[in-house]
2 protein chains.
Amino acid sequence: TWLVLLAQVFGLTAVVLVAVWMGHFQQGFAWQSNPGLEFNYHPLFMVIGMIFLYSDAILAYRVFRNDKKMYIKLLHAGMQITALIFVAVGLKAVFDSHNLKKPDPIPNLYTLHSWLGLITVILFGLQWVGGFATFLFPKAGMATRIMALPHHQFWGIAILCFAAATACMGITEKCIFSIKDYSQRPTQAYVANFLGLMIVCLVTTVIYIVTR
Amino acid sequence: TWLVLLAQVFGLTAVVLVAVWMGHFQQGFAWQSNPGLEFNYHPLFMVIGMIFLYSDAILAYRVFRNDKKMYIKLLHAGMQITALIFVAVGLKAVFDSHNLKKPDPIPNLYTLHSWLGLITVILFGLQWVGGFATFLFPKAGMATRIMALPHHQFWGIAILCFAAATACMGITEKCIFSIKDYSQRPTQAYVANFLGLMIVCLVTTVIYIVTR
Ligand code: HEM
Ligand code: HEM
Ligand code: HEM
Ligand code: HEM
Ligand SMILES: O=C1O[C@H]([C@@H](O)CO)C(O)=C1O
């Protein structure tokens, strides 16, 4: 349906905006040789994994309604594990950027963003294991699956909301830390704020589609 | 049920935490005579109105299932309008605190927090008018009400999520702006971060209850 298309527009715009923000306005990417630029992989990979791929993995069930059940399951689970890999690299990047900072490292896990972010990633990992154990593992019976489904759906959506709220806080922090004239609204501020709005629009659209 | 009680615990804890944060750690409250302290009403009133009262107004439908329909409607609509009044005062406080700042005013509406916050408040106002026009206004027929209900429910919940995300960004900003040693995790940082977690727990619980 056209709502799925709209979700793709929001999602792709978000990925483009975060890539332009980090790649252009925040001087691009590097790995451990330059912890300041290594940080820039964090927003990019979190938005691709925890927002874009996560959303599309959920939508896969709605888009490919007519294909064989096992194929969709593998696609859904495969996209979610791909999301998890992006997330792992994105977390490695941000922890490196704190721990390798010269002359002094930046402390870890002091913000609400980092707390909710860590909780979100842990829940996401548990959801993956739970989804695998109930819906793919052959020994789980039909009764288990029927019982687990509403919880799997509720938490799948709840964790997506947590990810969006976490991303919005991350955007807020990065703007305050790194855009010196943020309050003068330079172009970069629009890029960052619109990135946040795109994420909110994407997640709202996905949840609207999935709850119809 | 006990989940409604749990929601009250999260909600009251959030209100206590924001009151302690602003009232104790951020030197308490004042009105236009001291714009710096006038700001402190903003988080307090937004959390009371846009999170606590809003949540309980939604739960009213679940708690008073057995009372006369008209009483519950009036309670629900009345709580939502009370929430809107708190929100209006909370917004007045933050705009004053920017515009009356000496020697120079602080610019308005440059953050993602303020953008999503304004969108949230406008949607909340529209939802109130829409809810009133369909469910209380006597001329709206049964067919209209049945058609409108799923949209009223979806947007009621979506706006609550927007409010929670906005509040989390506001907490993040205030911590970075006003807690000089935030990264050293002083007591105040725990108060603020736990406030955010309580809001997330409250909203998750409310949505869980309402979608059962
Ligand atoms: C939903 C996806 C995200 C998750 C789960 C997440 C998670 C985290 C975690 C766990 C940390 C702590 C690292 C440490 O303590 O060393 C962190 C730090 C950080 N993140 Fe994110 N993040 C996400 C998205 C973003 C985005 C989109 C941005 C910015 C555009 C961002 C900006 C930051 C910044 C500036 C820090 C360093 C300050 C701090 O510790 O809060 N994050 N993130
Ligand atoms: C972190 C990982 C996962 C997340 C976040 C997640 C999320 C979701 C969400 C939100 C839905 C609801 C979609 C809808 O109603 O259209 C869903 C459905 C479903 N998921 Fe997952 N999922 C994950 C992993 C898995 C895994 C590993 C499996 C195993 C195959 C799985 C199997 C299913 C099944 C069978 C459905 C039911 C679709 C339906 O008939 O509506 N999920 N998932
Ligand atoms: C969900 C409820 C909330 C809404 C709708 C909201 C809305 C707003 C709006 C519209 C502004 C812009 C004022 C201006 O430009 O002059 C603002 C500013 C601000 N708010 Fe909130 N707010 C909420 C909750 C909070 C909370 C809980 C906190 C902190 C604990 C907070 C902290 C701030 C800060 C620090 C500013 C000034 C910086 C800025 O303009 O973003 N807000 N808020
Ligand atoms: C900003 C204002 C409002 C918000 C955010 C809001 C939100 C909500 C939400 C989330 C629900 C779903 C609750 C549930 O499923 O248990 C709901 C239900 C309802 N609301 Fe509102 N509402 C608002 C204003 C109003 C107004 C002014 C009326 C007029 C009387 C109204 C009438 C109703 C009715 C009839 C239901 C159906 C309850 C049910 O049978 O499940 N709402 N509202
Ligand atoms: O992780 C962080 O990244 C930025 C900056 O150090 C790199 O641009 C910042 O202030 C952090 O706390």
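Check the entry above for the structure.
Here goes a summary of the coordinates provided. Along every chain, residues carry numbers that run from 1 in the direction the sequence is written. Ligands are numbered from 1 and chains lettered from A, in the order in which they are written. Per-residue local features of the predicted model are confined to residues with pLDDT of at least 70, and side-chain atom pairs are confined, for both listing and counting, to 80 or more; whole-chain, interface and lining totals are unaffected and use all residues. Side-chain calculation: all heavy atoms of the structure are included, whereas hydrogens and water are not.

Considering the coordination of the iron atom of ligand 1
Residue and element names in this part refer to chain A. For the iron atom of ligand 1, every protein donor is listed as H42 (NE2) and H113 (NE2), and the spread of their distances is 2.0 Å. Geometry at the iron atom of ligand 1 is octahedral, judged from the 6 donor atoms that bind it and their angles of 86 to 179° at the metal. Of the two residues, H42 is situated in helix α3 (residues 41-63) and H113 in helix α5 (residues 112-136); the sequence distance between them amounts to 71 residues. The pair H42 / H113 is uniform in exposure class, with both members buried. Shown as donors are all N, O and S atoms within 2.8 Å of a metal ion, widened to 3.2 Å for Na, K and Ca; because water is not in the atom set, sites may appear incomplete. Under the classification used here, a metal with four donors is tetrahedral if each angle lies between 85 and 135 degrees, square planar if opposite donors are over 155 degrees apart and the others between 65 and 115, a six-donor metal meeting that same test is octahedral, and anything else is irregular. For helices the rule is a DSSP run of H or I covering at least 4 residues; for strands it is a run of E covering at least 2, with both sets numbered from the N terminus onward. For the exposure calls, accessible area comes from a 1.4 Å probe over protein chains only, and a residue counts as buried if that area is under 20% of its type's maximum, exposed if over 50%, partly exposed in between.

Focus: helix α6 (residues 142-178) of chain A
Between its first and last C-alpha, α6 of chain A extends 52 Å over 37 residues, near the 54 Å set by a 1.5 Å rise per residue. We define the bend at each residue as the angle formed by axes fitted to the 7 residues ending at it and the 7 residues starting at it. Maximum bend of α6 of chain A: about 35°, positioned at A148 of chain A, with proline P150 of chain A one to four residues after it. Under the convention used throughout, the expected extent of a helix is 1.5 Å for every residue step, that is, one less than its residue count.

What to know about the interface of chain A and chain B
Listed as interface residues are 36 residues of chain A and, on the opposing side, 36 residues of chain B. By convention, the term buried area covers the 1.4 Å-probe accessible surface removed from two parts as they join, with the contributions of both added. Between chain A and chain B, the buried area comes to about 3200 Å², and carbon and sulfur atoms account for 78% of it. Definition used for salt bridges: Asp or Glu carboxyl oxygen within 4 Å of a side-chain nitrogen of Lys or Arg. Summed over the shared surface of chain A and chain B, the result is 0 salt bridges. Think of a polar contact as two N or O atoms within 3.5 Å of one another; within protein, one of them needs to be a possible hydrogen donor and the other a possible acceptor, and neighboring residues in sequence only count if both atoms come from side chains. Between the two partners, chain A and chain B, sit 10 residue pairs in polar contact (both at pLDDT 80 or more). At the level of elements, α5, α6 and α7 (187-210) of chain A are the ones that each hand at least two residues to the side of chain A that touches chain B. Whether two residues are in contact is decided by their heavy atoms, any of which lying within 4.5 Å being enough.

Considerations on the coordination of the iron atom of ligand 2
All names here are of chain A. Donor atoms from the polypeptide that coordinate the iron atom of ligand 2 comprise H76 (NE2) and H152 (NE2), at 2.0 Å from the metal. Each of the 6 donor atoms around the iron atom of ligand 2 contributes to a set of angles spanning 85 to 179°, which defines the coordination as octahedral. With H76 in helix α4 (residues 69-99) and H152 in helix α6, this pair connects stretches of sequence that are 76 residues apart.

Regarding the relation of the copies chain A and chain B
Between the two copies of the chain lies a rotation about an axis combined with a shift along it. Fitting of the copies onto one another was done by least squares over C-alpha atoms, counting residues only where both copies have pLDDT of at least 70. Overlaying chain A with chain B gives an RMSD of 0.0 Å, the required rotation being 180° about an axis along which the chain moves by 0.0 Å. A rotation of that kind, with that shift, is consistent with a two-fold axis. Here 100% of the interface residues in chain A have copies in chain B that are interface residues too; the copies meet face to matching face.

Some details on the nonpolar core
Soluble globular proteins: nonpolar side chains tend toward being buried together. For the purposes of this section, nonpolar cores are sets of buried Ala, Val, Leu, Ile, Met, Phe, Trp, Tyr and Cys residues that join through side-chain atoms within 4.5 Å. W21 and I199 of chain A together with W21 and I199 of chain B are the most contacted members of the largest nonpolar core, which has 128 residues in total. W21 of chain B has contacts with Q26, I171, K174, C175, I179, Q188, V191, A192 and L195 of chain B, leaving out every residue within four places of it along the chain.

Examining the site of ligand 2
All names here are of chain A. By nearness alone, 21 residues border ligand 2, and Y61, R62, H76, Q80 and H152 come closest of all. Between H76 and ligand 2, the recorded distance is 2.7 Å, taken from a side-chain N or O atom to a nitrogen atom. Take H152: an N or O atom from its side chain is 2.8 Å from a nitrogen atom of ligand 2. Tallying contributions element by element places α5 first for the shell around ligand 2, with 7 residues. Looking at the shell around ligand 2 residue by residue, the classes come out as 12 nonpolar, 7 polar and 2 charged. Residues are counted as near a molecule or strand when any one of their heavy atoms sits within 4 Å of it. Under the scheme applied, nonpolar residues are Ala, Val, Leu, Ile, Met, Phe, Trp, Tyr, Cys and Pro; charged residues are Asp, Glu, Lys and Arg; polar residues are all the others, including Gly.

Structural measurements only, silent on function.
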